[in-house]
Amino acid sequence: MRARINFTSGIGSLVRALLLSLLIGCLALLAGCAGAAAGRSQEGVLRGNVTYLQRIPLPPDADLVVQLRQLSAPGEPPRLVVERRFESPGQVPIAFELRYDLRGIDTTRRHELAALILRGERTLLMSGSAYPVLSGRYPDPVEIVLRPSR
């Protein structure tokens, strides 16, 4: 024998309210997950390692700066998209992760990574070559080799 719930009675109204609350909770949970996924999809990540060829240790107070730059027209300086400073990163090779907002990327332009080792405001080492990223094929992780600054 099957029990029937009368939705117009007090118990039926309670069951209906519980089912409605459960449905609203599930929809809110799904909306939250979709929003979180959409937020994550707006972020890109570049990973790499920075090293140099000189056999000297980094000073303990040296910092690593990694930059993502958008190349402009010839003769114009590149536009800084994002920069991250790693304080006292230790000895080479130094692994890095650089997060950037995908909405700030102009896909019609070329992009490159650059890196510096600073001690205070003084540049000790810097990337001497271009390290193209975000268009075509590029290594993952990106290997950046620094040279002494002049």
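Please refer to the structure placed before this passage.
Asker: I'd like to hear about unusual backbone geometry, residue by residue, with values.
Answerer: The amide bond that connects valine 92 to the next residue, proline 93, takes the cis arrangement and shows omega of 0°. Between aspartate 140 and the following residue, proline 141, the backbone shows a cis peptide bond with an omega angle of 10°. Looking at the secondary structure, you find proline 141 in the loop between strand S7 (131-133) and strand S8 (142-148). One non-glycine residue, serine 88, adopts positive backbone phi at about 45°.

Asker: Account for the nonpolar core, with residues named and values stated.
Answerer: What tends to happen in soluble globular proteins is that the nonpolar side chains get buried as a cluster. Counting 25 residues, the largest nonpolar core has Leu64, Leu68, Phe96, Leu113, Ile117, Ile144 and Leu146 as its most contacted members. With 4 residues, the single largest contributor to this core is strand S4 (residues 94-101). In contact with isoleucine 144, not counting residues within four places along its chain, are Asn49, Val50, Thr51, Phe96, Leu113, Ala115, Ser127 and Tyr131.

Asker: Outline the side chain of histidine 111, listing residues and values.
Answerer: Tracing the backbone through its elements, the reader meets histidine 111 in strand S5 (residues 111-119). With a relative accessible area of 3%, histidine 111 lands in the buried category. Within the structure, the side chain of histidine 111 is placed 3.4 Å from the backbone oxygen of arginine 109, a separation counted as a polar contact. Beyond its immediate stretch of four places on either side in the chain, histidine 111 contacts Leu68, Arg69, Gln70, Val81, Ile105, Asp106, Tyr131, Pro132, Val133 and Leu134.

Asker: Explain the side chain of glutamine 70 residue by residue, including any values.
Answerer: Relative to the elements of secondary structure, glutamine 70 occurs in strand S2 (residues 63-70). According to the relative accessible area criterion, glutamine 70 is buried, its value standing at 8%. Glutamine 70 has contacts with Pro78, Arg79, Val81, Gly104, Asp106, Arg109, Arg110 and His111, leaving out every residue within four places of it along the chain.

Asker: Break down the pattern of salt bridges for me, citing the residues and quoting the values.
Answerer: Working definition: two side chains of opposite charge can pair if their charged atoms are close together. Evaluated as defined, the whole model comprises 8 salt bridges. Between arginine 103 and aspartate 101 there is a salt bridge, and its shortest N-O distance comes to 3.0 Å. For aspartate 106, the salt bridge identified is with arginine 109, shortest N-O distance 3.9 Å. Accessibility expressed as a relative area gives 28% for aspartate 106, which makes it partly exposed. Overlapping salt bridges bring together Glu43, Arg47, Glu97 and Arg99 as one network.

Conventions we followed
- Position numbers for residues start from 1 in each chain and track the written sequence from start to end.
- Whole-chain, interface and lining totals are the exception, using all residues; otherwise, since this is a predicted model, local features are given only for residues with pLDDT of at least 70 and side-chain atom pairs are given and counted only at 80 or more.
- Just so you know, side-chain values use all the structure's heavy atoms and leave hydrogens and water out.
- What counts as a helix is a DSSP run of H or I of at least four residues, what counts as a strand is a run of E of at least two, and both are numbered from the N terminus.
- What is meant by a nonpolar core is a set of buried Ala, Val, Leu, Ile, Met, Phe, Trp, Tyr and Cys residues, joined one to another through side-chain atoms within 4.5 Å.
- Relative accessible area decides the class of each residue, using a 1.4 Å probe on protein chains only: under 20% of the type maximum gives buried, over 50% gives exposed, and in between gives partly exposed.
- In this description, contact between two residues means that some pair of their heavy atoms is separated by no more than 4.5 Å.
- The term polar contact refers here to a pair of N or O atoms within 3.5 Å; inside protein, the definition further demands a hydrogen-donor-capable atom paired with an acceptor-capable atom, and it admits residues adjacent in sequence only when both atoms are side-chain atoms.
- Salt bridges are defined by distance alone: a side-chain nitrogen of Lys or Arg within 4 Å of a carboxyl oxygen of Asp or Glu.

Read these as spatial facts, not as claims about activity.
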